Amino acid sequence: MDRMFYGASAFDQDLGWCVDDDVDLDYAFDDTPCESTMCGIVGGVFCDIPGNGNVMVNWKIKMAVAAWFSNPTAAEATYGHISTWETGG
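Along each chain, residue indices are assigned from 1 in the same order as the chain's sequence is written. Per-residue local features of the predicted model are confined to residues with pLDDT of at least 70, and side-chain atom pairs are confined, for both listing and counting, to 80 or more; whole-chain, interface and lining totals are unaffected and use all residues. Just so you know, side-chain values use all the structure's heavy atoms and leave hydrogens and water out.

Trainee: Can you explain a nonpolar patch on the surface? Please cite residues and give values.
Mentor: The grouping of M1, M4 and W17 at the surface amounts to a nonpolar patch, some 270 Å² of accessible area in total. To qualify as a helix, a DSSP run of H or I must reach at least 4 residues; to qualify as a strand, a run of E must reach at least 2; elements of each kind are numbered from the N terminus. Note on placement: W17 falls in the segment before β1 (18-19). Nonpolar side chains (Val, Leu, Ile, Met, Phe, Trp, Tyr) are joined into patches within 5 Å and like charges within 9 Å, using only residues with over 30% relative accessible area and no salt bridge. Accessible areas in this description were obtained via Shrake-Rupley with a 1.4 Å probe; residue shielding takes into account the shown protein chains only. Any carboxyl oxygen of Asp or Glu that lies within 4 Å of a side-chain nitrogen of Lys or Arg is treated as forming a salt bridge with it.

Listed below in structure tokens is the structure:
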């Protein structure tokens, strides 16, 4: 999946895909509007954790923080306010 959607400037959909941890996603979403969230892709053991909402795990908090820096209003709509993020595990 390396560079699959690279440079697709109109591609902005969260796919909701769950892929194995060994799937190569390098540059798959670079230069797309949903680059900061990996366009909704999650991997491996974390597939049972929803991509939205305030329960955070490592992959999700990275996406949420990137989204927060990119567009705080949209990030809050997706993940809730940063002060409510559940990070305790």
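That was the structure; now back to the text.
Trainee: Describe the side chain of T32, and please don't skip the residues or the numbers.
Mentor: Relative to the helices and strands, T32 resides in the loop between β1 and β2 (42-43). Any pair of N or O atoms that falls within 3.5 Å is considered a polar contact. Within protein, one atom must be able to donate a hydrogen and the other to accept it, and sequence-neighbouring residues count only if both atoms are side-chain atoms. Within polar-contact distance, the side chain of T32 engages the backbone oxygen of F29 at 2.6 Å. Aside from chain neighbours lying at most four places away, what touches T32 is F5, G7, A8, F11 and C39. Contacts are assigned to residue pairs that have any heavy atoms within 4.5 Å of one another.

Trainee: Break down unusual backbone geometry for me, citing the residues and quoting the values.
Mentor: Leaving glycine out, the prevailing phi sign among residues is negative, and the prevailing peptide bond configuration is trans. For D31, which is not glycine, the phi dihedral falls at a positive 65°. Mapped onto the elements, D31 comes out in the loop between β1 and β2.

Trainee: Can you lay out the packing of helix α1 (residues 58-70) against helix α2 (residues 72-79) for me, pointing to particular residues and giving the numbers?
Mentor: At their nearest, the axes of α1 and α2 sit 6 Å apart, and the two run at 145° to each other. Contacts between α1 and α2 pair K60, M63, A64, A67, W68 and S70 from the former with P72, A75, E76 and Y79 from the latter. Looking at side-chain class alone, the contact of α1 with α2 contains seven nonpolar, one polar and two charged residues. Every angle, taken between N-to-C directions, lies between 0 and 180 degrees, and every axis is a line fitted to C-alpha atoms, over only the stretch in contact when it is a helix. Nonpolar residues are Ala, Val, Leu, Ile, Met, Phe, Trp, Tyr, Cys and Pro. Charged residues are Asp, Glu, Lys and Arg, and all others, Gly as well, are polar.

Trainee: With reference to specific residues and values, describe the packing of aromatic side chains.
Mentor: The rule is short: rings of Phe, Tyr and Trp, with Trp giving its six-membered ring, pair when the centres are within 6.5 Å, and they are stacked under 30 degrees, edge-to-face over 60, tilted in between. Per the counting criterion, the structure on display carries three aromatic pairs. On the basis of an interplanar angle of 10° and a centroid distance of 5.5 Å, the ring pair of F5 and F29 is categorised as stacked. Separated by 24 residues along the polypeptide, F5 in the segment before β1 and F29 in the loop between β1 and β2 bring together distant segments of the chain. In terms of burial, F5 and F29 fall into one category: buried. Each ring, one from W68 and one from W85, has its centre 6.1 Å from the other, and the planes form 85°; the classification is edge-to-face. One end of the pair, W68, is in helix α1; the other, W85, is in the segment after α2, and 17 residues separate them in sequence. Here the two residues W68 and W85 agree in accessibility, since each one is buried. Ring pairs connect the aromatic residues W68, Y79 and W85, which therefore count as one cluster. Buried, partly exposed and exposed residues are distinguished by accessible area as a fraction of the type maximum, computed with a 1.4 Å probe on protein chains only: under 20%, between the cut-offs, and over 50%, respectively.

Limitation: the analysis is restricted to geometry and does not speak to function.
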